[in-house]
Structures are given as C-alpha cells and as structure tokens.
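Each chain, letter by letter, is given below.
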Amino acid sequence: MSTRTDRLRTVLRVRTIQEEQRRGDLARAAAAQGRAAEAAAEAAARYGERDVCGVGVPVDAATFLATRVAEGRRADGVAHAAAEHSLAEGETERSRALLTEARTRTSGLERLVERAAEEQRLELLAADQQVADESGRARKEVRP
C-alpha cells in the first residue's frame, strides 16, 4: 500500500470520527430541543390554568397584587421557556449544518481514497501484466 493511500486512510478515519462526533452533537441538540419544547408547553399550560378573579367579585388590594405578581411570574415563565426553546432550535440547526459539512468532507475524502486504491490496483495489474509479458518473451527466446 502506498504512503499516499495510507495518509488518506488516516485522514479519512479522523474525518469519520469527527462526523460521528457531529452526529452525537446533533442528537444531544435535538434531545435538548425536545425537552425545551415540553417545558414551553408545560409553562403555557400552567399559564392557561390560572385562577383569575371573576369580574365584579370584591377583592382586597393585597389579593389583587398577589394575583398580579403570580400572573407576572407565570407569564415570565412562559416567555423564558419559549426563549429557551428558540435557542434550542437554533442549536439544533447549527448542529445539523455542522453534520452536513462533516458528511460532505468525509464523502469527498472517501471518493479520493477509493480513487487512490483503484489507481494502486491498476498499477499492480500493470506490473503483473509486465511480468507475464516478460516471462512469455523469455520462454519464446529460450525455445529453439
């Protein structure tokens, strides 16, 4: 095996490892996105289940303020969960793009390794053919 082919195979192994790492990154990002989506849905559901004081029901100022603060916290929770989900979506897309780039680099190198191996195979066949031709000529020359 030629030195060039050996080097190409080594680089291909490294690129394959990098591609696998990118695939793992994408899986982790997708899982985080799923968790963030669930958290956002739960926060929205909690916000929708709130107890709102009925119209015309007498409420003292302390109850009103406490309800208002609680509603604000729930709304902030929904906004925070939605922002986390958005960030997770962005990270997933970034990971997907990096995986696509890694796949492209690996597949290009795979074709290069295959081409180099085919060239090496053809060189061996040519060398074998040359040996066979020389052997055939030597036999013809030896025969009287």
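Please read all numbers here as calculations on a predicted model, not as lab measurements.

Novice: I'm lost on the overall build of the protein chain in this one. Help?
Specialist: Along the protein chain, the regular secondary structure elements total two helices and zero strands. Counting contacts in the protein chain only where the partners sit at least 6 residues apart, residues at least 24 apart contribute 89% of the total. Approximately 10,800 Å² of the protein chain is accessible, and the part contributed by carbon and sulfur atoms is 55%. Of the side chains in the protein chain, 25 bear a positive and 25 a negative charge, and the two mean positions are spaced by 6 Å.

Novice: Even after reading the chapter, I still don't get the pattern of salt bridges, so can you show me in this structure?
Specialist: Any two side chains of opposite charge can pair, on the condition that their charged atoms come close. Under the definition given, this model contains eight salt bridges. Two residues, E19 and R23, come together in a salt bridge whose shortest N-O distance is 3.0 Å. In this pair, E19 and R23 both sit in helix α1 (residues 3–48), four residues apart, roughly one turn of the helix. By relative accessible area, R23 is classed as partly exposed at 30%. The partner of E118 in a salt bridge is R121, with the nearest N and O atoms 2.7 Å apart.

Novice: Hey, could you run me through the environment of E89 in this one?
Specialist: Tracing the backbone through its elements, the reader meets E89 in helix α2 (residues 61–142). E89 sits 45 residues away from E134 along the chain, and the two C-alpha atoms are 67 Å apart.

Novice: Can you help me understand the nonpolar core in this one?
Specialist: As a rule of thumb, soluble globular proteins bury nonpolar side chains together. Residues L8, L12, L109, V113 and A116 constitute the largest nonpolar core, which totals five residues. Taken together, the elements giving at least two residues each to this core come down to α1 and α2. A per-element tally of this core places α2 first, with three residues. In contact with L12, not counting residues within four places along its chain, are T106, L109, E110 and V113.

Novice: Help me understand the side chain of T92, please; the structure alone is not making it clear to me.
Specialist: Summarising the element assignment, T92 is placed in helix α2. Ignoring any residue separated from it by four or fewer positions in sequence, one finds T92 in contact with L26, A29, A30 and Q33.

Calculation notes
- Residues numbered from 1 in each chain as written.
- Predicted model: local features only at pLDDT ≥ 70, side-chain atom pairs only at ≥ 80, totals over all residues.
- Heavy atoms only, no water.
- Helix = DSSP H or I, 4+ residues; strand = E, 2+ residues; numbered from the N terminus.
- Contact = heavy atoms within 4.5 Å.
- Areas by Shrake-Rupley, 256 points an atom, 1.4 Å probe, with all protein chains shown as cover.
- Lys, Arg positive; Asp, Glu negative; His and termini not counted.
- Charge placed at Lys NZ, Arg CZ, Asp CG, Glu CD.
- Salt bridge = Lys/Arg side-chain N within 4 Å of Asp/Glu carboxyl O.
- Buried < 20%, exposed > 50% of the residue type's maximum accessible area, 1.4 Å probe, protein only.
- Core = buried A, V, L, I, M, F, W, Y, C linked by side-chain atoms within 4.5 Å.

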